[in-house]
Amino acid sequence: MKIGIIGAGNIGGNLTRRLTALGHDVAVANSRGPQTLTALAEETGARPVRAEEAARGAEVVVVTVPLKAVPDLPAGLLKEAADGAVVIDTNNYYPQRDGRIAAIEDEGLTESRWTERHLGHPVVKAFNGTYAQDLLDRHRPAGDPGRLALPVAGDDPAAKAKVRALIGELGFDTVDSGTLDDSWRQQPGTPVYGLREGVDAVTEALAAASPERPADFRA
Ligand SMILES: NC(=O)c1ccc[n+]([C@@H]2O[C@H](COP(=O)([O-])OP(=O)(O)OC[C@H]3O[C@@H](n4cnc5c(N)ncnc54)[C@H](OP(=O)(O)O)[C@@H]3O)[C@@H](O)[C@H]2O)c1
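Reading guide: rules and limits
- Residues numbered from 1 in each chain as written.
- Predicted model: local features only at pLDDT ≥ 70, side-chain atom pairs only at ≥ 80, totals over all residues.
- Pairing = 2+ DSSP bridges.
- Helix = DSSP H or I, 4+ residues; strand = E, 2+ residues; numbered from the N terminus.
- Contact = placed C-beta atoms within 7 Å.
- Axes fitted to C-alpha atoms, helices over the stretch in contact; angles between N-to-C directions.
- Near = placed C-beta within 6 Å.
- Nonpolar A, V, L, I, M, F, W, Y, C, P; charged D, E, K, R; others polar.
- Buried ≥ 20, exposed ≤ 12 C-beta atoms within 10 Å, placed from the backbone.
- Core = buried A, V, L, I, M, F, W, Y, C linked by C-beta atoms within 7 Å.
- Expected span 1.5 Å × (residues − 1).
- UniProt positions renumbered as here; feature names shortened; annotations may be inferred.

S.K.: Can you lay out the sheet that holds strand 5 (residues 86–89) for me, pointing to particular residues and giving the numbers?
M.R.: With parallel pairing, six strands are arranged side by side in an open sheet as 3-2-1-4-5-6. Lying at the two open borders of the sheet, with one neighbouring strand each, are strand 3 (47–48) and strand 6 (123–125). Relative to strand 4 (residues 60–63), strand 1 (residues 2–6) runs parallel, the two being bridged by four bridges. The residue bridging Ile6 from the neighbouring strand is Val63, located in strand 4. The strands that helix 1 (residues 10–21) touches are strand 1, strand 2 (25–29) and strand 4; relative to strand 2, the one it contacts most, it runs at about 165°.

S.K.: Break down the site of the ligand for me, citing the residues and quoting the values.
M.R.: In the vicinity of the ligand lie 27 residues, with Gly7, Gly9, Asn30, Ala69 and Asn91 positioned nearest. The element that contributes the greatest number of residues to the shell around the ligand is helix 1, accounting for three residues. Here the shell around the ligand is composed, by residue class, of 13 nonpolar, 12 polar and two charged.

S.K.: Give me the lowdown on unusual backbone geometry, citing residues and values where you can.
M.R.: Phi at Phe127 is positive, roughly 70°, even though this residue is not glycine. Mapping Phe127 onto the fold places it in the loop between strand 6 and helix 7 (132–137). Since 25 C-beta atoms lie within 10 Å of it, Phe127 is described here as buried.

S.K.: Outline the nonpolar core, supporting the account with residue identities and numerical values.
M.R.: Among the nonpolar cores identified, the biggest contains 62 residues, and Ile6, Val28 and Val61 are the most heavily contacted of them. With residues near it in sequence (within four places) discarded, Ile6 still touches Ala29, Ala51, Ala54, Val61, Val62, Val63, Thr64, Val65 and Leu73.

S.K.: Summarise helix 1; cite the residues concerned and give the values.
M.R.: For helix 1, with 12 residues, the first-to-last C-alpha span of 17 Å sits near the 16 Å given by 1.5 Å per residue. When we look at burial in helix 1, the residues that qualify are Ile11, Gly12, Gly13, Asn14, Leu15, Thr16, Leu19 and Thr20. Where the residues of helix 1 are buried, they touch strand 1, strand 2, helix 2 (38–44), strand 4 and helix 7. Gly23 sits one or two positions beyond helix 1 and adopts a positive phi of about 100°.

S.K.: Report on the UniProt feature "domain: Pyrroline-5-carboxylate reductase catalytic N-terminal" (unreviewed entry) in the protein chain, specifying residues and quantitative values.
M.R.: Per the UniProt record, the feature "domain: Pyrroline-5-carboxylate reductase catalytic N-terminal" (unreviewed entry) sits at residues 2–93. When the span residues 2–93 is considered, its composition is 25% helix and 22% strand, and the gap between its end C-alpha atoms is 28 Å.

Structural data, given as structure tokens:
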């Protein structure tokens, strides 16, 4: 599958490593340009590109940048993506890093709804509570008793199914955590955030979440 990854840091870098290892055709971009991604490209075989080009022809696009950078992404970022492209949003709002975002704090938008509005394209929320290193170290085959589960939220059932299948390929189970408006259940500070457990415990943690934004993640 043709996959574009925007952001080549902890999460984007490790998704590049794993998705290329699985045989996907990956284009990866950062803010500084492809000439700064030669080491990652040599290591993985991914194509280093400018952010504007990362989504070109891609069936799946991953946006994995600090939340404050989302409004700075190039306009029309997704316009050359394949028809029906699915966009995965891994991002979290950390006010200490991202500054205060009133639409999230005051209007109660979920972090992914805010991102979706900036991108002008539906997103599926996934990987936001996953330690980047776990993508490399903790993948397991289907049926393995130690296989971890990741929550996935989104409005379009087909897009969500595609993301869940891809995460399955990456070596993790998934739990449907509802629509994007329900995705507060997996935001920072919730019981499922950073939880390294299987399907049952992740399902319970999602159910135990409070819609109130935790104090540590407010500004
Ligand atoms: N770290 C984790 O374990 C983890 C886990 C789950 C979710 N997350 C979330 O996932 C997102 C990414 O986290 P991370 O730890 O991977 O971040 P990171 O290591 O800081 O990497 C961020 C990447 O985004 C790129 N970037 C920033 N602004 C950009 C722009 N305008 N255009 C294109 N690329 C841009 C950076 O490029 P340059 O280096 O060239 O600036 C860098 O490659 C965050 O929202 C984070 O909260 C992180």
